[in-house]
Amino acid sequence: MATKSYYIGNNKANEVALLNSNDLIVVRNHEKVNEDFVKNQITSVFSHFPINYKCLSYFPESNVYVFKFLSKNTNNPISKELRDEILTALKRKTNVLKYAGKSLKLKNANIYQIYTENLFLKFRNDAKERHIKSVLKKFKLFEKRKLKFCTNGYFVESANGIGQDVFDQSIEILNLNEVNLCHPETVVKRKGLKQNFNAFYTNKKFDGVWARDKVKADVAWKNSTGKDINICIIDDGIDFDHPVFKNKIKRSKDMHNEKKDAYHKFDEEKHGTACASIAAGNDENFKGIAPDSNIIPIRTKSLGSVLEADAFYWAALQNADIISCSWGPPDGSIYKDNDDKIEYPIPDHTRLAIDYAATKGRNGKGCIIVFAAGNGKEPIEYDGYASHKNVISVGAANKIDLPTVYSDYGSPIFCVFPSGDFTIESKNKISRAYGLRVADRIGQKGYVDGDYFDVFQGTSASSPGVAGITALVLSVNPNLSSKQVKSILKNSCETIGNQKNYKNKGGYPYSELYGYGMLRADLAVENTIKYTNIQNQK
């Protein structure tokens, strides 16, 4: 039986059931306390118990740690009694820790969920202000801000110390006649494909531009280089000092600190630099797919936060034409099939913010929103982000036009773009890896020492590739609606792989592995020119 649950979607479309986890705890320290001191205080508590421990995730903006415990004697998960003893000891560290508590996880998967005691709340469009204020007062909710991407949407904070009762509170509020949507804000670390460095350097020379050649970007550049088009990259920031971004960054924002630009902040952050360079990087050593496009980087981290919804809204306000997202829910393992059908719905606030950008952005023509399909070799339909009706979901194909060993698949995948691949020899050993050349975070905090990385992999590389091709299209004709752009892109896909995999879908050949096929830059630009000429003759 679920410990707690909440509902996402209109008319309680999706129930998210949660269980308490015996072997996971969440710790939040006070602000302005030295990080090393915090870690020393936490580990000193752990040393008094017969456990092995691992920090699964750290959310520095929120000062939150997630720890996993195993019994030191058996290496099995610890008992809930031992977990509670550890929590009691941690709670004595009141000078350092603000909170120490049980972690929740999805009922059908070992994916933890951190609840913030905040709620997303949307009243009916015709709700009166006095009714709204009455609900907020009755449930002792503090209005953090009103959300502008939907009517009568609010981000509110529950009473201090409500803990897991915030889930019961959300259901009670949702049952009110004047309320459309209500659920707690829950966050988790985003997915990412591990970059397998040891396998990368089995070859001495890499052809880092093979993907660009495969989609025939150089042919497309004869007619379009993406000039005057704004590509927004929502990720962990970018390296502003890298020469590939010189004079390209139109504006930026760190959603975690409104006074800051979207610089990488912490040592592990470098992903956004690689993705942005694929879309629109440009210097003497590297060219992205749309080398003359502008970049609007937005830095945001945790999956599920209201800040990710705010990012889409802000991007639309800043005249972003395209929004590229190389992230999503945690992936399953590519080595097993029993985790392939874990449903991870998109939070209502993010869903509505995407809808806003897709319909209101570009002065009503709609932003083109592109998402990486995922790297778990599993059906996309269970990923609420990549399967959203208003996004283009992009998978990955390798050098020989086969799906990569990790790429997610199935309807509603839109297309594929070339990305790196590798051969699996065993669970712990891979070989013959290759990837795409990208700009790297400068210095020792990048993927490798140096300013470029030659073997970037994952559908993370595919999403900005398609964003770049879309920029080439819009540069030819910026007046196209999002619907018109998607139609042109469908007509610009090459049906790679086994042709028997393709079936008719709305008049187009469609494959569960490749979508409409591999998107070609040259065909996209050519088809845009043809379409524009026909429209001009009418």
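Everything numeric here is computed off the predicted structure, so don't read it as measured data. (Residues numbered from 1 in each chain as written. Predicted model: local features only at pLDDT ≥ 70, side-chain atom pairs only at ≥ 80, totals over all residues. Heavy atoms only, no water.)

1. Details of the overall build of the protein
When its secondary structure is counted, the protein shows 13 helices and 26 strands. Taken over the C-alpha trace, the protein has a radius of gyration of 24 Å; the compact-globule value for 538 residues is 24 Å, and the two agree within 12%. Each principal axis of the C-alpha distribution contributes one length, and for the protein these read about 70 × 60 × 45 Å. Evaluated residue by residue, the protein yields a buried proportion of 59% over its 538 residues. Across the protein, contacts joining residues at least 24 apart in sequence account for 71% of those joining residues at least 6 apart. (Helix = DSSP H or I, 4+ residues; strand = E, 2+ residues; numbered from the N terminus. Rg over C-alpha atoms; globule rule 2.2 N^0.38 Å. Buried < 20%, exposed > 50% of the residue type's maximum accessible area, 1.4 Å probe, protein only. Contact = heavy atoms within 4.5 Å.)

2. As for the nonpolar core
Ranked by size, the top nonpolar core spans 75 residues in total, and within it I234, F312, I323, I369 and F371 carry the most contacts. Examining the composition of this core, we find that 9 residues originate from one element, helix α9 (residues 306–317), more than from any other. What F371 contacts, discounting residues up to four positions off in sequence, is F312, C325, W327, I354, Y385, A386, V391, I392, S393, V394 and S463. If you look at the next biggest cluster of nonpolar residues, it comprises 72 residues, including A220, I392, Y447 and Y508. (Core = buried A, V, L, I, M, F, W, Y, C linked by side-chain atoms within 4.5 Å.)

3. Observations concerning the pattern of salt bridges
According to the stated counting rule, one finds 20 salt bridges in the structure shown. Residues D84 and R83 are paired through a salt bridge, measuring 3.1 Å at the closest nitrogen-oxygen approach. Under the relative-accessibility criterion, R83 is labelled buried at 3%. Of the charged contacts in the structure, one is a salt bridge between K301 and E269, with a shortest N-O distance of 2.8 Å. Here K301 is found in the loop between β14 (294–299) and α9, whereas its partner E269 is found in the loop between β11 (253–254) and α8 (271–280), with 32 residues between them in sequence. As far as the burial class goes, K301 and E269 line up, both buried. One continuous salt-bridge network, built from bridges that share partners, spans D254, E268, E269, R299 and K301. (Salt bridge = Lys/Arg side-chain N within 4 Å of Asp/Glu carboxyl O.)

4. Let's talk about the environment of P379
Among the secondary structure elements, P379 is positioned in the loop between β16 (368–372) and β17 (392–397). Residues P379 and N477, 98 residues apart in the sequence, show an inter-C-alpha distance of 34 Å. Residue contacts for P379: discarding those within four places in its chain leaves D340 and Y409.

5. Observations concerning the pairing of strand β1 (residues 4–8)
The element β1 is extensively covered by neighbouring structure, given that 5 of its 5 residues are classed as buried. Relative to strand β2 (residues 14–29), β1 is paired through 5 bridges, and the arrangement is antiparallel. From the neighbouring strand, K4 faces β2, where its bridge partner is L18. Following β1, the chain reverses through 5 residues before pairing antiparallel with β2; G9 in that reversal takes a positive phi of roughly 100 degrees. (Pairing = 2+ DSSP bridges.)

6. Quick notes on helix α3 (residues 129–138)
Among the residues of α3, I132, V135 and L136 are the ones counted as buried. Axial view of α3: buried residues confined to an arc of 100 degrees, hence all on one face. Away from its buried face, by an angle of more than 90 degrees, α3 presents the exposed residues R130, K133, K137 and K138. Looking at the packing, one finds that the buried side of α3 touches β6 (112–123), β7 (142–147) and β8 (153–157). Looking one or two residues beyond α3, the residue adopting positive phi is K140, at roughly 55 degrees. (Arc of directions from axis to C-beta.)

7. Side note on the side chain of S71
Within the secondary structure layout, S71 lies in strand β4 (residues 64–71). Note on S71: relative accessible area 14%, which makes it buried. Setting aside residues no more than four positions away along its own chain, S71 makes contact with P50, N52, N76 and I78.

8. Describing the pairing of β7
Every regular strand shows the same layout, with side chains that alternate between the two sheet faces. Across 5 bridges, β7 lies against β8 in antiparallel orientation. Across the sheet, L147 pairs through a bridge with G153, a residue of β8. Hairpin remark: β7 followed by β8, antiparallel, with 5 residues in the connecting loop; positive phi at N152, about 60 degrees.

9. Digging into the confidence of the model for the protein
With 96% of its residues at a pLDDT of at least 70, the protein reaches an overall mean of 92. A low-confidence stretch, residues 196–205 (pLDDT under 50), is modelled with 19 contacts involving residues beyond four sequence positions or located in other chains. (pLDDT = per-residue confidence, 0-100.)

10. Some points on the packing of α8 against helix α11 (residues 459–476)
How two helices sit against one another is set out by the angle between their axes and by the gap between those axes. Two elements in contact, α8 and α11, have axes whose closest approach is 7 Å; the angle formed by their N-to-C orientations is 35 degrees. Like other packed secondary-structure pairs, α8 and α11 cross with a definite hand, here right-handed. Between α8 and α11, the residues in contact are H271, C275, I278 and A279 and S460, A461, P464, G465 and G468, respectively. Along the lines of polarity and charge, the residues of the contact of α8 with α11 split into 5 nonpolar, 4 polar and no charged. (Axes fitted to C-alpha atoms, helices over the stretch in contact; angles between N-to-C directions. Left-handed = near helix turned anticlockwise from the far one by under 90°. Nonpolar A, V, L, I, M, F, W, Y, C, P; charged D, E, K, R; others polar.)

11. A look at the environment of F46
As for its placement among the helices and strands, F46 is situated in helix α1 (residues 35–46). Other than its neighbours up to four places away in sequence, F46 contacts I25, I51, Y53, F67, F69, I86 and L90.

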